[in-house]
Amino acid sequence: MIVEPRRTLVDVIRDDCGLTGTHIGCEHGVCGACTILLDGEPMRSCLMFAVQAHGRSLRTVEGLQQGERLHPMQEAFIRHHGLQCGFCTPGFLMLAVGVLEKRPDLSNEELLDILASNLCRCTGYENIIKAVRAAAASMKAQA
Amino acid sequence: MSVERLEDLPLVTGHGCFVGDVSFQHQLHMRIVRSPLAHGRLKTIEVAAACALPGVSAVWTANDIADLPPIDFREGPNAKLAPFRQPVLAKDYVRYVGEPIAAVFATDPYVAEDASELVSVDIDELHVVVDAFAPPTQFVGALMTEPTICRQGYGNVTAAFKNAAAVVELDLSIGRHSGVPLETRGAIGRYDAARDVLELHGAAKVPHKNRESLARMLGRSTAGIHLYESNVGGGFGVRGEIYPEDILVLVAAIRLGRPVKWLEDRREHMIAANHSRQQRHRIRAAVDGQGHLLAIDDEFFHDQGAYIRTHGTRVADTACGILPGPYRLPHFQANGHFRLTNKTPAATYRSPGRYETNFVREQVMDAIARKLGLSRVEVRRRNLISPEEMPYERPLVALGDEVVLDSGDYEGLLDKALARCDWAKLEADVLRRRSAGEYVGLGLAMYVEKSGLGPTDGVRINVDTDGVIEVITGGASVGQGFETVIAQVCAEMLGVNYRKVRVVHGRTDRIEHGIGAHATRATVMTANATVVAADKVRAKALNVAAQLLQEDASKLTISNGKVVRADGVGAYISLGDIAHHLQPTSSTRGDRNPGLAAEGWFTTAHMTYPYGVQIALVKIDPGTGAIHIEKMLIAFDVGRAINPALVRGQLVGGFAQGLGGALFEEFQYDDRGQPLSVTLADYLIPTANEVPEVDILLAEDAPSKCNPLGIKGAGEGGVAAVGAVIASAVDDALGGKGLISRIPITPQTIKAIIDNVET
Amino acid sequence: MLLAELGPQDGRILAGGQSLVPTMAFRLARPTHLIDINGIAELAALTVTGDVVNIGACVRHAAFDGDTVPGVTGALLRKVVQNIAHYPIRTRGTFCGSVANADPASEWCCVMAALDGVVILRSQRGTRRISAADFCQGVMTTALAEDELVVAAELPMLPEGTLTGFKEFSRRKGDFAIAMALVTHRLESGAIVEPRVAIGGAETHPRRLREVEAVLSGETPNESVFSAAAETAALAIDPMEDVNSTAAYRRRLVQALLQRALDTAA
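Nothing here was measured: the structure is a model prediction, and the numbers come from that model.

I would appreciate a short explanation of the overall build of chain B in the present structure.
Counting its secondary structure elements, chain B contains 18 helices and 31 strands. Relative to a compact globule of 759 residues, whose C-alpha radius of gyration would be 27 Å, chain B shows 27 Å and is just as compact. Projected onto its principal axes, the C-alpha positions of chain B cover 90 × 75 × 45 Å. Taken over 759 residues, chain B has a buried fraction of 66%.

Is there a simple way to explain the nonpolar core in this structure?
For soluble globular proteins, the rule of thumb is that nonpolar side chains tend to be buried together. Formed by 177 residues in total, the largest nonpolar core has its most connected members in Met73 and Phe77 of chain A together with Ile726, Val730 and Ile745 of chain B. For this core, the element with the most residues is helix α16 (residues 644-664) of chain B, which contributes 9 residues. Both domains that meet at this core, namely domain 1 (8-126 + 185-231 + 239-272) and domain 2 (279-452 + 606-758) of chain B, each give it at least three residues. Among the nonpolar cores identified, the runner-up in size contains 52 residues, and Val3, Ala487, Ala529 and Leu542 of chain B belong to it.

I tried to follow unusual backbone geometry on my own but got confused; where do I start?
Among all residues save glycine, negative phi is the norm, and among peptide bonds the norm is trans. Residues and elements named next belong to chain B. In this chain, methionine 390 is followed by proline 391 through a cis amide linkage whose omega measures 0 degrees. In this structure, proline 391 sits in the loop between α10 (376-383) and β18 (392-398). For the bond running from isoleucine 743 to proline 744, omega is 5 degrees, close enough to zero to count as cis. Along the polypeptide, proline 744 turns up in the loop between β31 (742-743) and α18 (747-758). Within the chain, aspartate 422 stands out as a residue other than glycine whose phi angle is a positive 55 degrees. By the element assignment, aspartate 422 lies in the loop between α11 (410-421) and α12 (423-435). Judged by relative accessible area, which is 38%, aspartate 422 ranks as partly exposed. The phi dihedral of asparagine 560 falls on the positive side, at around 60 degrees, and the residue is not glycine.

Mind showing me how you'd approach the packing of aromatic side chains here?
Aromatic rings in a pair are described by how distant their centres are and how their planes are angled relative to each other. A full pass over the atoms with the stated rule returns 13 aromatic pairs over all chains. Centroid distance tryptophan 60 of chain B to phenylalanine 105 of chain B: 4.9 Å. Interplanar angle 65 degrees. Geometry classified as edge-to-face. Of this pair, tryptophan 60 of chain B sits in strand β3 (residues 56-60) while phenylalanine 105 of chain B sits in strand β5 (residues 100-106); the two residues are 45 residues apart in sequence, bridging distant segments of the chain. Ring pairs connect the aromatic residues Phe64, Phe95 and Trp108 of chain C, which therefore count as one cluster. For the cation-ring pair, arginine 95 of chain B lies above phenylalanine 139 of chain B, with the distance from its terminal atom to the ring centre recorded as 4.0 Å. Just above the ring of tyrosine 243 of chain B sits the side chain of arginine 185 of chain B; from NZ or CZ to the centre is 4.2 Å.

Help me out: how do you make sense of the interface of chain A and chain C in this one?
By a frequent convention, interface size equals the accessible area lost on bringing the separate parts together. Taken together, the contacts link 23 residues of chain A with 22 residues of chain C. Of the roughly 1700 Å² buried at the junction of chain A and chain C (both faces included), carbon and sulfur atoms supply 58%. Three residues, Leu47, Phe49 and Gln52 of chain A, lead the burial of chain A against chain C; their summed loss comes to 31% of the area buried on that side. Seen at the junction of chain A and chain C, the total is 1 salt bridge. Notably, a salt bridge pairs aspartate 113 of chain A with lysine 173 of chain C, separated by 2.8 Å at the nearest N-O pair. Counting every contact that joins chain A to chain C gives 4 residue pairs in polar contact (both at pLDDT 80 or more). Elements with a contribution of two residues or more to the side of chain A that touches chain C: β2 (41-44), α3 (89-102) and α4 (108-115) of chain A. With 4 residues, the single largest contributor to the side of chain A that touches chain C is β2 of chain A. Its residues assigned to classes, the side of chain A that touches chain C comprises 12 nonpolar, 4 polar and 7 charged.

What should I look at first to understand the domain arrangement of chain B in this one?
Residue and element names in this part refer to chain B. Domain parsing of chain B yields domain 1 (8-126 + 185-231 + 239-272), domain 2 (279-452 + 606-758) and domain 3 (456-603). Look at where the C-alpha atoms of domain 1 and domain 3 centre, and you get two points 39 Å apart. At the interface, 12 residues of domain 1 touch 16 residues of domain 3. Both sides of the domain 1 and domain 3 interface together cover about 1200 Å² of buried area, and 51% of this is carbon and sulfur. By the criterion of area lost to domain 3, the three top residues of domain 1 are Lys205, His208 and Glu229, representing 51% of everything that side buries. Taken together, domain 1 and domain 3 are joined by 1 salt bridge. Among the salt bridges present, the one from glutamate 512 reaches arginine 211, with a minimum N-O distance of 2.9 Å. Applying the counting criterion to the domain 1 and domain 3 interface returns 10 residue pairs in polar contact (both at pLDDT 80 or more). Counting residues per element, the ones that place at least two in the side of domain 1 that touches domain 3 are α5 (207-218) and β13 (225-229). Ranked by residue count, the leading element in the side of domain 1 that touches domain 3 is β13, at 5 residues. Split into classes, the residues belonging to the side of domain 1 that touches domain 3 amount to 5 nonpolar, 3 polar and 4 charged.

Explain the interface of chain B and chain A here, please?
On the side of chain A, 45 residues touch chain B, which itself brings 52 residues to the contact. Where chain B abuts chain A, roughly 3900 Å² becomes buried across the two surfaces, and 58% of that area is made up of carbon and sulfur atoms. A per-residue breakdown of the area chain B buries against chain A is headed by Val12, Tyr110 and Leu182 of chain B, which together make up 21% of the total. Applying the counting rule to chain B against chain A returns 4 salt bridges. One salt bridge connects glutamate 665 of chain B with arginine 121 of chain A, and the closest N-O pair in it is separated by 2.7 Å.

Teacher, can you tell me more about the environment of methionine 94 of chain A here?
Residues and elements named next belong to chain A. Within the secondary structure, methionine 94 is located in helix α3. You can call methionine 94 buried: its relative accessible area is 1%. It is 19 Å that separates the C-alpha atoms of methionine 94 and alanine 141, two residues lying 47 residues apart in sequence. Beyond its immediate sequence surroundings of up to four residues, methionine 94 is in contact with Thr35, Ile36, Leu37, Pro42, Arg59, Thr60, Val61 and Leu64.

Even after reading the chapter, I still don't get the sheet that holds strand β1 (residues 28-34) of chain B, so can you show me in this structure?
Two orientations exist for strands paired in a sheet by backbone hydrogen bonds: parallel and antiparallel. Residues and elements named next belong to chain B. With mixed pairing, the 7 strands of this open sheet are ordered in space as β3-β5-β1-β14-β11-β12-β13. Of all strands in the sheet, those with a lone pairing partner are β3 and β13, marking the two edges. On average, each strand axis in the sheet is tilted by 20 degrees relative to the strand beside it, whichever way the strands run. With 4 bridges connecting them, strand β11 (residues 186-192) and strand β14 (residues 260-263) associate as antiparallel partners. The partner of alanine 187 across the bridge, within β14, is tryptophan 262.

Where do I start with empty space enclosed by the protein in this structure?
The method is simple in principle: a probe with the dimensions of a water molecule rolls over the atoms, and the space it marks as empty is what remains. Residues and elements named next belong to chain B. All chains considered together, the criterion is met by 6 cavities of 30 Å³ or more. One number sums up the size of the largest cavity: a volume of about 780 Å³. Every residue lining the largest cavity is counted, 47 residues in all, and those nearest its centre are Gln480, Thr520, Arg521, Gln650 and Gly715. Taken together, the elements giving at least two residues each to the lining of the largest cavity come down to α13 (482-494), α14 (522-549) and α16. The residue makeup of the lining of the largest cavity, split by class, is 21 nonpolar, 16 polar and 10 charged. Roughly 130 Å³ of internal volume is contained in the second largest cavity. Together, 17 residues line the second largest cavity, and Gly202, Ala203, Gly240, Glu241 and Asp246 are the ones closest to its centre. At the level of elements, β11, β12 (197-203) and α5 are the ones that each hand at least two residues to the lining of the second largest cavity. A total of 3 residues in the lining of the second largest cavity trace back to one element, the largest contributor, which is β12.

Just to check I follow, could you spell out the state of the cysteines for this structure?
What we call a disulfide is simply a covalent bond connecting the sulfur atoms of a pair of cysteines. Within this structure, the stated rule accounts for 0 disulfides over all chains. The cysteine cysteine 88 of chain A is free of any disulfide, with cysteine 120 of chain A supplying the nearest cysteine sulfur at 3.8 Å.

So what exactly am I meant to see when it comes to the packing of α16 of chain B against helix α17 (residues 722-733) of chain B here?
Packed helices, taken two at a time, are described by the angle between their axes plus the distance between the axes. All names here are of chain B. One way to put it is that α16 packs onto α17 with a least axis distance of 8 Å and a crossing angle of 50 degrees. Looking at the two axes, α16 sits oblique to α17. Note that α16 runs across α17; the crossing there is right-handed. Across from Phe655, Gly658, Leu659, Ala662 and Leu663 in α16, the residues of α17 making contact are Val722, Gly723 and Ile726.

Help me out: how do you make sense of the side chain of lysine 261 of chain B in this one?
By the element assignment, lysine 261 of chain B lies in strand β14. For the buried lysine 261 of chain B, no salt bridge is present, and the opposite-charge side chain at shortest range is aspartate 15 of chain A, 5.6 Å distant. Looking at lysine 261 of chain B, its side chain comes within polar contact range of the side chain of serine 23 of chain B, at 3.2 Å. Once residues lying within four places of it in the same chain are set aside, the contact partners of lysine 261 of chain B are Val19, Gly20, Val22, Ser23, Gln27, Leu28, His29, Met30, Ala187 and Ile188 of chain B.

The rules we used
Residues numbered from 1 in each chain as written. Chains lettered and ligands numbered in written order. Predicted model: local features only at pLDDT ≥ 70, side-chain atom pairs only at ≥ 80, totals over all residues. Heavy atoms only, no water. Helix = DSSP H or I, 4+ residues; strand = E, 2+ residues; numbered from the N terminus. Rg over C-alpha atoms; globule rule 2.2 N^0.38 Å. Buried < 20%, exposed > 50% of the residue type's maximum accessible area, 1.4 Å probe, protein only. Core = buried A, V, L, I, M, F, W, Y, C linked by side-chain atoms within 4.5 Å. Domains from an automatic or database assignment. Phe/Tyr/Trp six-rings, centres within 6.5 Å; stacked < 30°, edge-to-face > 60°. Lys NZ or Arg CZ within 6 Å of the ring centre and 35° of its normal. Contact = heavy atoms within 4.5 Å. Buried area = accessible area lost by both parts, 1.4 Å probe. Salt bridge = Lys/Arg side-chain N within 4 Å of Asp/Glu carboxyl O. Polar contact = N/O pair within 3.5 Å; in protein donor to acceptor, adjacent residues only side chain to side chain. Nonpolar A, V, L, I, M, F, W, Y, C, P; charged D, E, K, R; others polar. Pairing = 2+ DSSP bridges. Axes fitted to C-alpha atoms, helices over the stretch in contact; angles between N-to-C directions. 1 Å grid on protein atoms, 1.4 Å probe; cavity = no way out; pocket = protein on both sides within 12 Å on 5 of 7 lines; lining within 4 Å. Points joined across faces, edges and corners; volume = space filled by probe spheres on them. Disulfide = S-S within 2.5 Å. Parallel < 35°, antiparallel > 145°, perpendicular 65-115°, else oblique. Left-handed = near helix turned anticlockwise from the far one by under 90°. Lys, Arg positive; Asp, Glu negative; His and termini not counted.

Structure (structure tokens):
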């Protein structure tokens with residue numbers, strides 16, 4: 001893929017790769033809706049130029065499910081009513097999956113602090129926290 | 001029942017379809033050039049350089065759309081307010097930073113933004129008004145910046161004050177803030193020349209009403225314009241109104257012959273999408289010696305911003321009508337000065353007119369308690385309207401509807417709430433901790449909400465030959481779980497699994513009329529219409545089944561999508577098969593109309609009034625002035641909860657927004673009208689760290705008498721009284737002296753109060 | 001070399017991008033060229049040699065979360081890093097980028113000021129070392145020349161037994177701090193020696209407050225000494241003022257935060 005250097009990673013993911021699951025909420029790195037995994041680490045794709053991703057491994061929300069099987073995090077969000085409008089959801093999913101894959105034993109406090117990285121305007125966070133906690137347990141059990 | 005949502009699967013797998021995800025071949029991208037100044041005479045706009053940029057198709061200014069009228073009011077023409085409507089593109093004057101001046105159309109969004117910077121504008125600066133309290137000045141010609149005063153009242157306020165045992169007087173302000181959904185606005189205009197249909201994609205909230213308005217504005221028949229809702233990333237009242245950009249993409253689609261896509265960025269959203277909430281109330285209340293309200297006289301100043309948009313004066317009118325809340329009030333007078341300032345125009349935001357007046361009224365109640373040495377609980381108890389007095393008519397109008405408090409046990413809910421949080425123990429704890437030097441306080445707020453705005457809604461239900469049911473509604477989804485609730489209601493009536501029900505919404509081409517989703521009405525109205533239609537479908541199914549099974553219809557029921565005998569004996573027939581028998585060519589159809597389908601309408605004379613109690617325990621850090629919420633309770637009556645998990649989600653989500661308005665969020669301006677809160681770094685939306693755990697007490701004690709399902713709706717019940725209860729709690733923590741006169745409350749304000757008291 | 005050519009032509013260094021890219025999205029910063037240094041291995045090194053911590057240009061904030069830096073300095077950096085923005089920012093943003101950006105609320109600038117850190121600049125003209133105090137000059141203003149790159153920052157390894165305290169305040173956790181206080185000191189025979197007190201977020205750039213250090217020096221740590229120090233700090237600073245924070249409020253905040261940093265120093 002050849003892109004203009006000034007195009008951001010999130011724009012290229014959405015418009016050139018056609019993967020519109022990653023959303024743009026602010027374009028200034030505050031809301032976290034654009035969070036993807038870059039080499040396994042959650043990062044804000046609006047804060048990177050697409051050309052910088054050359055040779056790196058990217059994971060977006062579309063890659064969470066395996067065939068028909070949902071990722072435990074996705075299942076947990078559904079089960080615990082962790083989303084309303086769904087706009088912030090992909091960002092939260094990738095943030096949570098990325099962090100828990102690296103650090104499966106996060107304390108509740110650490111988890112809250114990490115979830116405070118992203119903004120949600122609908123849920124008041126309560127069910128997002130519940131969902132992520134439940135998914136953390138599932139992910140550990142499945143590991 | 002709290003079933004899982006039908007909406008969720010595409011949303012968690014990244015397959016949702018928000019307007020930014022929609023694209024059409026050959027589309028152009030629109031970028032708006034916006035006024036950099038808050039008030040000025042627009043002299044010249046140079047577009048040549050922008051037009052010359054490769055990739056730019058056109059650059060429009062007001063002259064290019066001279067035939068378009070200004071954006072009208074949703075409720076219809078209003079001669080008095082008409083001169084204050086917003087033009088689609090500024091002509092002669094600019095009145096707020098962010099006002100659209102020109103529109104650039106280009107093949108690529110980056111190029112469109114490049115081109116927009118090449119448009120140069122010459123504006124002669126004029127005097128800027130940023131304070132709605134300041135005396136009105138000139139708007140244009142002989143028109144002044146106070147288009148009207150919203151007045152409501154009854155009784156004899158003057159006499160009542162004369163006879164009062166005590167009077168309290170407060171000057172209270174609510175800061176400017178708004179919904180700020182996580183998805184910014186967007187719209188795509190597309191003209192299907194083959195069918196002569198103009199399409200607007202990215203519609204939200206009130207597609208049918210907007211279709212009517214747009215048709216009128218553009219001189220088309222409603223049959224020639226259709227709106228399509230995508231997934232909407234949060235509405236809150238702000239998203240879905242008709243904005244200049246919506247008009248532009250439609251007109252451009254026709255005139256440029258290509259689909260036109262527009263997405264705003266966050267900074268644009270903060271300065272161009274509807275603001276809300278900013279009011280200043282100078283309120284007096286008269287009471288007798290026992291603390292019974294005799295009269296309230298409220299003079300308030302509503303900061304409307306630069307223009308009157310689609311809601312007209314609705315927010316200020318509602319404020320007047322709903323201010324008394326759950327209390328008996330023999331005499332009342334409200335004068336709402338509806339004032340224009342050089343700021344982004346304002347309109348409705350979740351619980352409009354109530355968030356503001358709940359804060360004001362509950363501060364008044366606290367002040368009365370203070371003045372008469374009564375407890376804050378007792379003063380409210382003495383004034384609450386009782387269930388025996390209901391339906392309680394107030395000679396007031398809110399949301400265009402007469403206020404009739406239909407049902408409610410206000411005192412009962414108060415007692416439940418007090419018991420739930422063990423108020424007596426909390427009070428004792430607070431006293432003990434205070435004597436140990438802590439700044440802690442309890443807050444209490446009672447309120448009445450409004451929902452189920454009618455007058456009427458209709459749905460169509462059709463069962464196909466596979467037994468899959470489609471409910472076609474004129475509703476809208478802004479993320480609240482509309483589809484799931486309607487599916488649940490339909491499924492229960494038709495004896496099927498709710499996952500077999502597909503709910504259509506936000507499509508004007510699928511159903512002729514619709515009420516959309518606003519004023520917490522979707523569940524109330526559409527669900528009840530669904531019941532009516534489902535009832536007819538059920539009756540038709542049983543009628544056919546009775547014939548085919550050779551049974552009496554009264555002995556039959558539907559279970560798991562099959563019509564069976566109620567006693568479980570004998571043959572059965574699936575709904576899908578019944579639909580098959582009702583096909584046009586079926587020999588068994590008889591005289592019946594084809595299709596296992598029906599239409600159903602629900603009409604309601606009045607809105608319904610859910611109500612609530614909020615209690616908060618806060619602690620203040622005397623070193624920094626920071627406010628920490630230790631306990632939070634929302635007790636809310638919803639009449640009947642179809643899906644309690646969704647109701648809870650609405651209340652907690654609303655609470656978080658209310659918290660934002662109480663402590664964090666504000667659209668600030670400098671004295672030249674330059675907006676200072678244009679990013680999510682300056683406009684502070686609460687994060688998971690700031691939102692405390694919230695205890696929710698859902699009460700279903702007083703089902704609505706206005707609809708058979710008894711539903712009252714919960715969309716606005718969480719946010720409504722948060723400003724009120726937090727202010728009450730912080731005030732209590734600072735000694736209960738009425739020192740909080742403004743929300744949002746900042747640590748800096750708190751710190752100054754604490755230090756002044758100490759020094 | 002690239003920087004030598006492109007720096008004067010409005011070329012900028014791109015490392016973490018967590019500050020630069022948003023300003024570009026707003027079109028407030030418009031570099032004609034960006035030089036991406038993320039791939040340069042030598043710049044990613046975080047090393048401890050003797051009693052100096054050398055932090056390469058591409059070392060991320062998150063690097064200070066673990067045990068990479070030992071001793072008292074490591075503990076201090078771990079304390080401080082929790083306050084910087086949010087997790088996904090910390091995985092990308094860099095220590096040196098924050099220092100070069102010189103936001104008044106940069107925690108690392110405050111650490112550099114407190115510990116008398118050194119900034120190492122390199123250009124085609126050579127390498128130079130400059131003290132943090134001389135490097136950070138004002139709001140987003142440093143001694144960095146157009147053609148220079150911050151290749152590393154150095155911090156001293158504080159002696160064993162040094163106590164450190166750090167407190168900051170913002171409206172929401174993770175926001176830019178309205179004020180912050182950093183203290184380090186040792187105790188010899190129960191008396192405070194080598195106190196370092198730096199205030200950040202409140203003035204145009206973080207700096208050590210010598211007058212406050214003088215109040216602490218030689219004293220036994222107790223309530224009244226700490227109070228006196230905190231009060232001195234409140235008066236010693238020349239706070240910034242903006243629509244959200246008055247100078248008076250910043251003074252009171254600094255007083256409270258320094259008090260707490262001293263109280264909790266460990």
